[in-house]
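Inside the fold
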Amino acid sequence: MAPDIGPSAAGAAVEGRAGRPGRSAWRSLLRTRETSVLGALAVSVLAASLLVEGFATGRNGGFLVLDIACVALIALPMTLIVITGEIDLSVASTLGLTSAVMGQLWWVGVPLETIVPLCLLLGAVLGVVNGLLVTVAGLPSLAVTIGTMALYRGLAYVVLGDRAVADFPMSWTGGATSRLPGTDLPWVALLVAGLAVVFGVVLHATPFGRALYAIGSNEEAARFSGIGVPAAKLGLFTASGAVAALAGVFWTLQYGSARADNAFGLELSVVAAVLLGGVSIFGGRGALVGVLGGVLLLGTVRNALQLADVSADALNIVTGLLLVVSVVLPNTAARLRERRRAAAPPQGPPAPPP
Amino acid sequence: MDAAPPPAPPPLSLVGVAKSFGTVAALRDVSLDLRAGEIHALCGENGAGKSTLVKTIAGVHRPDAGRVEVDGRPAVFTRPADAQRAGVAVIYQEPTLFPDLSVAENIFMGRQPLTRGRRIDRAAMHAAAAALFARLGVRIAPDRPARGLSIADQQLVEIAKAMSLDARVLVMDEPTAALSGVEVERLFAVARSLRDGGAAVLFISHRFDEVFALCDRVTVMRDGAHVSTDPVADLTVDAVVRRMVGRDVAALFPKQDAERGGAVLEVAGLSRSGVFSDITFTVHAGEIVALAGLVGAGRSEVVRAVFGVDRYDSGSVRVAGRALRAGRPAAAMAAGVALVPEDRRQQGLVMELSVERNATLTRRWALSRFGLLRRRAEERATREWADRLRLKAGGLGDAVSTLSGGNQQKVVLAKWLATGPRVLIVDEPTRGIDVGTKAEVHRLLSELAAGGMAVVMVSSELPEVLGMADRVLVMHEGRITAELPRSEATEETVMYAATGQGAAA
């Protein structure tokens with residue numbers, strides 16, 4: 001999955017341009033947000049391994065994966081949505097409503113084999129509602145999904161009240177957190193990886209993904225190019241709802257508890273990871289690999305600090321700072337580069353074009 | 001107007017100014033005097049460095065070498081505000097007003113007259129704005145919002161703002177590109193009165209008739225360098241064109257004769273309430289049909305509805321005999337219709353994407369296999385069209401925003417020609433592009449028609465319409481008021497119908 005930003009490998013000059021395309025391609029790759037996020041991830045993993053006792057163990061690695069699994073899942077469709085210039089803030093509430101419905105259905109005696117597909121369908125329907133409000137009614141997704149965030153959470157309380165359904169069979173709840181044979185890696189890592197490949201290929205290697213970048217950069221030009229903008233957006237919101245429901249099912253089984261307030265506020269972690277991963281909130285820019293790096297980075301830092309007995313409040317402060325720094329740093333770097341370029345006299349008169 | 005040097009130093013001069021962006025030298029050792037009481041024309045192909053020069057004067061760019069002088073003394077503009085303080089005002093092609101604020105508020109933004117209580121004195125502000133408009137001889141209500149003003153009126157608001165700042169140097173960057181004939185005349189009257197009031201005016205235009213009608217001296221630039229500055233009386237259009245391109249330009253409108261084939265595009269009774277009504281016309285293979293008319297006559301709206309970007313209320317569009325689904329650009333594309341839109345930057349291109357991504361945006365599915373894009377195929381397809389249209393770009397991976405206007409237009413053309421259309425609709429295909437590229441575009445359209453394509457051309461430039469079209473449809477206020485075959489189309493007959501004075505065809 002090559003990042004879909006920056007000069008492509010096809011950047012070879014049409015008219016021979018002075019310079020070494022190979023090296024400059026490397027340099028621009030080094031400059032991308034994805035690279036800095038992955039670099040920060042490597043540094044924090046290394047630092048945590050050296051400084052925090054118990055971090056670099058397989059056991060802890062397994063817990064870390066379970067911790068971030070839901071955020072990682074939801075971040076996949078969220079990446080595509082944000083690249084299109086939209087946002088879906090209702091994901092955590094969709095997760096909560098799915099969890100509540102799952103608990104209620106189990107409580108009235110429906111078998112889990114039936115409940116799970118029903119829940120996924122419910123998530124897709126909730127996504128379609130968002131999508132229709134955005135595309136057909138033409139409302140801004142920020143407003144729509146803030147509304148449905150409250151609406152879906154409210155419905156979750158209607159379904160389950162403040163009860164918790166916690167008597168799911170051990171074979172399912174234990175299964176959700178079970179490890180791959182012979183390792184400490186939970187099987188859900190495979191699910192995340194598999195979906196990440198699917199979303200990555202869709203975003204970076206298909207005509208559909210290409211259209212998403214165009215929509216995010218200039219929706220009008222995309223429309224004039226024959227791109228079905230409403231259909232694309234509707235599809236993305238549907239996928240987002242379905243994946244949030246999948247995360248809801250997993251969350252419920254992972255913690256063995258269906259509650260209406262499950263994953264309250266999780267949408268902010270998802271959006272934070274997506275932005276940290278280098279996706280532009282204005283649309284048109286970003287790559288999935290960066291978002292995965294962002295999810296892992298946030299998860300690693302939180303996990304390491306928890307192991308180091310840092311309080312939950314301090315944890316939030318660190319996470320928030322990380323996000324702010326991640327936004328400020330590339331901005332400042334770009335400005336510094338700009339200033340350096342302005343200060344340095346143009347070395348050597350450029351050859352006049354023939 | 002003889003070029004006797006005035007005794008006072010010019011209000012603004014550039015001395016040996018150079019500016020580079022990366023490896024591209026946008027300006028090389030350019031010197032220019034803008035004298036008080038003179039309208040100075042700046043001509044050059046796109047990419048000749050005109051925009052960079054304007055931005056240097058406006059304080060947006062700082063020169064790498066050389067200097068800007070105000071009244072003969074060196075001045076350093078680090079910000080547009082510095083230039084403004086020195087009395088420089090720039091009117092851009094598309095003014096940037098605050099649409100929801102009133103006209104008066106736009107004029108006095110940031111320096112509103114205040115009452116004693118430090119509140120904005122609306123009455124004084126409106127009176128001052130009204131006085132400015134009276135001096136300009138135009139009628140715009142100071143209290144109306146800027147939204148909904150025509151581009152011409154928006155420019156006048158900008159000019160009023162410049163006057164309120166006591167600007168002594170007024171730069172107009174292609175101000176007439178989007179104006180109709182009457183509006184151009186009014187703008188010229190304003191420019192002349194400013195000149196007679198002692199202002200120095202720099203006028204940039206691709207239209208030579210305007211340059212020769214309005215200006216006192218003409219400076220020609222090519223490839224970032226100053227070529228010549230002469231009084232307009234010593235010049236001819238041919239001489240200016242030769243200096244701009246550095247060679248003789250062959251005929252500007254090389255329309256080839258083409259065999260007229262069967263009907264390809266049939267539009268019948270197309271209406272959209274309040275925009276256009278009962279539009280009926282047919283375009284045959286091998287034919288160029290021009291849609292002429294004043295700006296705002298509804299021409300772009302009609303072609304957008306035909307392509308399906310806009311909706312329409314009634315009527316039908318048929319391509320090669322088959323009805324086209326309304327409101328579906330993808331369906332129009334599948335039927336072989338292509339639309340090169342009016343607004344290149346907003347509708348034609350995704351400016352921050354690369355040349356390649358833009359050029360292949362319409363062919364994403366055709367260039368993929370098993371649903372996956374193939375880089376090789378994309379690159380090959382782009383390169384093929386880049387070569388055919390002689391595209392000048394740093395690299396196919398460069399953002400399309402780094403290209404000059406003419407080359408951007410070539411990317412839009414490549415993007416649509418690559419779809420192999422049967423009907424090519426071009427909306428203002430040569431707006432804001434240089435003479436050389438213009439001739440290339442005209443030759444291309446002519447070749448395409450000769451090859452059997454049906455071409456619909458919306459154009460506000462009469463010479464282009466008369467030179468290129470086999471048939472001219474003239475629109476006035478949303479209706480087709482005349483259909484003229486090539487033999488009957490003259491400036492008079494077209495203008496007559498365009499202003500609504502002609503009998504219906």
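For the structure given in this document, a descriptive report is provided here. Computed from a prediction, not measured in an experiment: that's the story for all the values here.

This part is about the overall build of chain B. Per the secondary structure count, chain B includes 17 helices and 22 strands. At 24 Å, chain B has a C-alpha radius of gyration in line with the 23 Å of a compact globule built from 505 residues. Overall, the C-alpha framework of chain B stretches about 70 × 50 × 45 Å when taken along its three principal axes. Residues counted as buried form 55% of the 505 residues belonging to chain B. For chain B, the proportion of contacts with a sequence separation of at least 24, taken over those separated by at least 6, is 66%. For chain B, the accessible area works out to roughly 21,300 Å², and carbon and sulfur atoms hold 49% of it. For chain B, the centre of its 63 positive side-chain charges and the centre of its 60 negative side-chain charges are spaced 7 Å apart.

All names here are of chain B. With respect to the helices, strands and loops of the structure, Ala320 is situated in the loop between strand E14 (314-319) and strand E15 (322-323). Considering only alpha carbons, one finds Ala320 and Val494, 174 residues apart in sequence, at a separation of 29 Å. Residue contacts for Ala320: discarding those within four places in its chain leaves Val264 and Arg422.

Let us now look at the sheet that holds strand E13 (residues 288-293) of chain B. Residue and element names in this part refer to chain B. Pairing is mixed across the open sheet formed by six strands, whose spatial order is E16-E19-E20-E13-E21-E22. Among the strands making up the open sheet, the edge pair consists of strand E16 (337-340) and strand E22 (479-485). The sheet shows a mean angle of 20° between the axes of neighbouring strands, taken without regard to direction. The pairing of strand E19 (residues 423-427) with strand E20 (residues 454-458) spans five bridges and is parallel. The partner of Val423 across the bridge, within E20, is Ala454. Strands E13, strand E21 (471-476) and E22 of the sheet are contacted by helix H17 (residues 491-498), whose axis makes an angle of about 30° with E21.

Looking now at the interface of chain A and chain B. Of the residues lining the interface, 31 residues belong to chain A; the matching set on chain B comes to 45 residues. Interface of chain A and chain B: buried area, both sides summed, is about 3,300 Å²; carbon and sulfur atoms make up 56% of it. The salt bridge involving Arg210 of chain A is made with Glu378 of chain B; its shortest N-O contact spans 2.6 Å. The interface formed by chain A and chain B holds nine residue pairs in polar contact (both at pLDDT 80 or more) in total. Every element with two or more residues in the side of chain A that touches chain B is listed here: helix H8 (188-205), helix H9 (207-217) and helix H10 (219-224) of chain A.

Moving on: the packing of helix H4 (residues 122-136) of chain B against helix H5 (residues 151-164) of chain B. All names here are of chain B. Two elements in contact, H4 and H5, have axes separated by 10 Å at closest approach and are oriented at 110°. Here H4 is positioned roughly perpendicular relative to H5, judged by the angle of their axes. Counted together, Leu132, Phe133, Arg135 and Leu136 of H4 and Leu156, Val157, Ile159, Ala160, Met163 and Ser164 of H5 form the full contact between these two elements. Per-class residue counts for the contact of H4 with H5 are eight nonpolar, one polar and one charged.

Okay, the packing of aromatic side chains next. One pass over the structure, following the stated rule, counts five aromatic pairs over all chains. On the basis of an interplanar angle of 85° and a centroid distance of 6.4 Å, the ring pair of Trp187 of chain A and Phe250 of chain A is categorised as edge-to-face. Of this pair, Trp187 of chain A sits in the loop between helix H7 (170-177) and H8 while Phe250 of chain A sits in helix H11 (residues 229-255), and the two are 63 residues apart along the sequence. Measuring from ring centre to ring centre gives 5.5 Å for Phe307 of chain B and Trp416 of chain B, while their planes differ by 90°; the resulting arrangement is edge-to-face. One end of the pair, Phe307 of chain B, is in helix H9 (residues 299-307); the other, Trp416 of chain B, is in helix H14 (residues 405-417), with 109 residues separating them in the sequence. Assessed through its relative accessible area of 1%, Trp416 of chain B is described here as buried. Cation over ring: Arg163 of chain A sits above Trp107 of chain A, and NZ or CZ is 4.8 Å from the ring centre. The aromatic ring of Phe63 of chain A is capped on one face by Arg179 of chain A, whose charged end is 5.6 Å from the ring centroid.

Once that is clear, we can look at the nonpolar core. Core analysis: the biggest nonpolar cluster contains 90 residues, and Met78, Ile227, Leu266, Val274 and Val295 of chain A have the highest contact counts within it. Top element by residues in this core is helix H3 (residues 58-83) of chain A. It accounts for 16 residues. Those residues in contact with Val295 of chain A, other than ones at most four positions away along the chain, are Ile68, Val71, Ala72, Ala75 and Ala273 of chain A. Phe276, Val283, Val337 and Leu413 of chain B belong to the second-largest nonpolar core, a separate cluster that totals 80 residues.

Let us look at the pattern of salt bridges. Residue and element names in this part refer to chain B. Scanning all chains against the criterion turns up 29 salt bridges over all chains. Note that Lys19 is salt-bridged to Asp64, the shortest N-O span being 3.8 Å. Of this pair, Lys19 sits in strand E1 (residues 12-21) while Asp64 sits in the loop between helix H1 (50-57) and strand E4 (65-70), and the two are 45 residues apart along the sequence. Classification of Lys19 as buried rests on a relative accessible area of 12%. With relative accessibility at 36%, the residue Asp64 sits in the partly exposed group. The salt bridge partner of Asp82 is Arg79, with a shortest N-O separation of 3.5 Å. Each of Arg260, Glu287, Arg471 and Glu483 takes part in a single network of salt bridges with overlapping partners.

The rules behind each value
- Residues numbered from 1 in each chain as written.
- Chains lettered and ligands numbered in written order.
- Predicted model: local features only at pLDDT ≥ 70, side-chain atom pairs only at ≥ 80, totals over all residues.
- Heavy atoms only, no water.
- Helix = DSSP H or I, 4+ residues; strand = E, 2+ residues; numbered from the N terminus.
- Rg over C-alpha atoms; globule rule 2.2 N^0.38 Å.
- Buried < 20%, exposed > 50% of the residue type's maximum accessible area, 1.4 Å probe, protein only.
- Contact = heavy atoms within 4.5 Å.
- Areas by Shrake-Rupley, 256 points an atom, 1.4 Å probe, with all protein chains shown as cover.
- Lys, Arg positive; Asp, Glu negative; His and termini not counted.
- Charge placed at Lys NZ, Arg CZ, Asp CG, Glu CD.
- Pairing = 2+ DSSP bridges.
- Axes fitted to C-alpha atoms, helices over the stretch in contact; angles between N-to-C directions.
- Buried area = accessible area lost by both parts, 1.4 Å probe.
- Salt bridge = Lys/Arg side-chain N within 4 Å of Asp/Glu carboxyl O.
- Polar contact = N/O pair within 3.5 Å; in protein donor to acceptor, adjacent residues only side chain to side chain.
- Parallel < 35°, antiparallel > 145°, perpendicular 65-115°, else oblique.
- Nonpolar A, V, L, I, M, F, W, Y, C, P; charged D, E, K, R; others polar.
- Phe/Tyr/Trp six-rings, centres within 6.5 Å; stacked < 30°, edge-to-face > 60°.
- Lys NZ or Arg CZ within 6 Å of the ring centre and 35° of its normal.
- Core = buried A, V, L, I, M, F, W, Y, C linked by side-chain atoms within 4.5 Å.

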